[in-house]
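Tertiary structure, described
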Amino acid sequence: MKIGIVGSGAMGSGIAQVVAMAGNDVCLYDSNPIALEKAGANLEATFQKLADKGKISLEDSELYFSKIRLVNKLDELSHSELIIEAIIEDLDIKKDLFQKLENLVSEDCILASNTSSLSMASIAASCQKPNRVIGIHFFNPAPLMALVEIIPAVQTDPALVSKTKSLVESWRKLPAIAKDTPGFIVNRVARPFYGEAIRILEEGVADCATIDYAMTSLGGFRMGPFQLMDFIGHDVNYRVTESVFKEFFYDPKFKPSFTQKRLFEAGFYGRKSGRGFYDYSENATQPEPNTNPELLEKIFKRVLIMLMNEAADAYFLNIASVEDIDVAMTKGVNYPKGLLAWADEFGLQNLEKELDELYSFYHEDRYRCSPIIRCLAKENKTFY
């Protein structure tokens, strides 16, 4: 298949690697020749490294790299059968690009966006043939992360969904189909991992190191929420939180925090800037966590029940199936368990009780229990 990719940054070049290694011919476009040259050098080095480690043969390394053509003129994508855009998360810029692409390609060419949170309906509406537009959302780094969210717009041809799913599987990725709502599955369901952790910090219950330690030591998460926000970058993570909050008509459960906003405004983006919730300067010493078992359990349980509640709500509102939600969270952000399977293990009656206690204390809508938890608990049923 001839696949065009717009944007040669980390995500675009990562997608190029994935689809080239699946046997496709790739045109990687970027208007910036310096960025394009850098992407080409990085891809060549990546394939060479895979060969050096014995993961692929030297012949395959050369073959995969030869399948990627670097271009700096958009009309070079005109013969593509599928185009995936991986550019800045700006709706107007994306819509303008899709209008240009539609005028270049054949009527059968699929136009896909790698957006992580923007409306696919809005992007599709910029095209004369919106039925061929769909979301294909990879996770960073694309070659390593198994999950790909597939997001049909309301205008998308239903047949294109199954076709796209087959394509994603042919790239040796795990597809999860999501409804076109802000954040789709992962960026919606994961919000409490950050938001509730910051809330615990702001209340003075514990510091960043202790909250991170609670989630990694008791929960088995690979990184704690503050470590992860610093790793992602507050320029990215805060913007996604702000976007989801706005797009959900300011639902209080997605409300951003002033604590993270101030880091964002100060340019303290995390690892990339040398400072975030933690100090990453050369001689900095990292704080030690409080290892009090009762405190750690309190922190872990509070963040976990908020995550499970959000996953339940995503299912209740038909964002995705139970299976796709759990696959998305385990394969998209490496959660140790699927949240709905975890909820079954935790006990839905217990989950309902814990959420109601939080709501009774705070009287804030962010702690409202999802109706599906109440229904299943009442009938003594489970998600699985």
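The preceding data block contains the structure.
Treat the numbers as computed from the prediction; the structure is a model and nothing was measured.

Procedures and definitions
Residues numbered from 1 in each chain as written. Predicted model: local features only at pLDDT ≥ 70, side-chain atom pairs only at ≥ 80, totals over all residues. Heavy atoms only, no water. Phe/Tyr/Trp six-rings, centres within 6.5 Å; stacked < 30°, edge-to-face > 60°. Helix = DSSP H or I, 4+ residues; strand = E, 2+ residues; numbered from the N terminus. Buried < 20%, exposed > 50% of the residue type's maximum accessible area, 1.4 Å probe, protein only. 1 Å grid on protein atoms, 1.4 Å probe; cavity = no way out; pocket = protein on both sides within 12 Å on 5 of 7 lines; lining within 4 Å. Points joined across faces, edges and corners; volume = space filled by probe spheres on them. Nonpolar A, V, L, I, M, F, W, Y, C, P; charged D, E, K, R; others polar. Expected span 1.5 Å × (residues − 1). Arc of directions from axis to C-beta. Contact = heavy atoms within 4.5 Å. Axes fitted to C-alpha atoms, helices over the stretch in contact; angles between N-to-C directions. Parallel < 35°, antiparallel > 145°, perpendicular 65-115°, else oblique. Left-handed = near helix turned anticlockwise from the far one by under 90°.

1. Concerning the packing of aromatic side chains
Counted according to the given criterion, the structure contains 16 aromatic pairs. With centroids separated by 5.9 Å and ring planes inclined at 25 degrees, the aromatic side chains of phenylalanine 221 and tryptophan 342 adopt a geometry described as stacked. Of this pair, phenylalanine 221 sits in the loop between helix H9 (208–217) and helix H10 (225–232) while tryptophan 342 sits in helix H15 (residues 339–346); the two residues are 121 residues apart in sequence, bridging distant segments of the chain. According to the relative accessible area criterion, phenylalanine 221 is buried, its value standing at 4%. Each residue in the set Phe193, Tyr194, Phe221, Phe300, Tyr335 and Trp342 is aromatic and connected to the rest through ring pairs, giving one cluster.

2. Section: the layout of surface pockets
Here the idea is plain: a probe the size of a water molecule rolls over the atoms and shows the empty space left. Volume-wise, the second largest pocket comes out at about 560 Å³. Together, 25 residues line the second largest pocket, and Gly14, Gln17, Thr46, Pro143 and Leu144 are the ones closest to its centre. Elements supplying a minimum of two residues to the lining of the second largest pocket: helix H1 (10–21) and helix H2 (33–52). The element contributing the most residues to the lining of the second largest pocket is H2, with seven residues. Residues of the lining of the second largest pocket, tallied by class, amount to 13 nonpolar, eight polar and four charged.

3. Examining H2
Between its first and last C-alpha, H2 extends 28 Å over 20 residues, near the 28 Å set by a 1.5 Å rise per residue. Taken residue by residue, H2 has Leu36, Ala39, Gly40, Leu43, Phe47, Leu50 and Ala51 as its buried positions. In an axial view of H2, the angular spread of the buried residues amounts to 110 degrees, which keeps them on one side of the axis. For H2, the exposed residues lying more than 90 degrees away from the buried face are Ile34, Glu37, Lys38, Lys49 and Asp52. Buried residues along H2 sit in contact with H1, strand E2 (25–29), helix H3 (58–66) and strand E3 (68–71). Glycine 54 lies just past H2 and shows a positive phi near 80 degrees.

4. Structural notes on the side chain of serine 113
Looking at where serine 113 falls in the secondary structure, it is placed in strand E5 (residues 110–113). Residues within four places of serine 113 in sequence aside, it is in contact with Glu85, Lys94, Phe98, Met120, Ile123, Ile134, Gly135, Ile136 and His137.

5. Observations regarding the packing of helix H11 (residues 234–247) against helix H12 (residues 258–266)
It is the contact of H11 with H12, at a shortest axis distance of 9 Å, that shows an interaxial angle of 135 degrees. As summarised for this structure, H11 and H12 are arranged oblique, according to the angle between their axes. The two elements H11 and H12 meet at a crossing, and its hand is left-handed. Across from His234, Asp235, Asn237, Tyr238, Arg239 and Thr241 in H11, the residues of H12 making contact are Gln260, Lys261, Leu263 and Phe264. Grouping the amino acids of the contact of H11 with H12 by side-chain chemistry returns three nonpolar, four polar and three charged.

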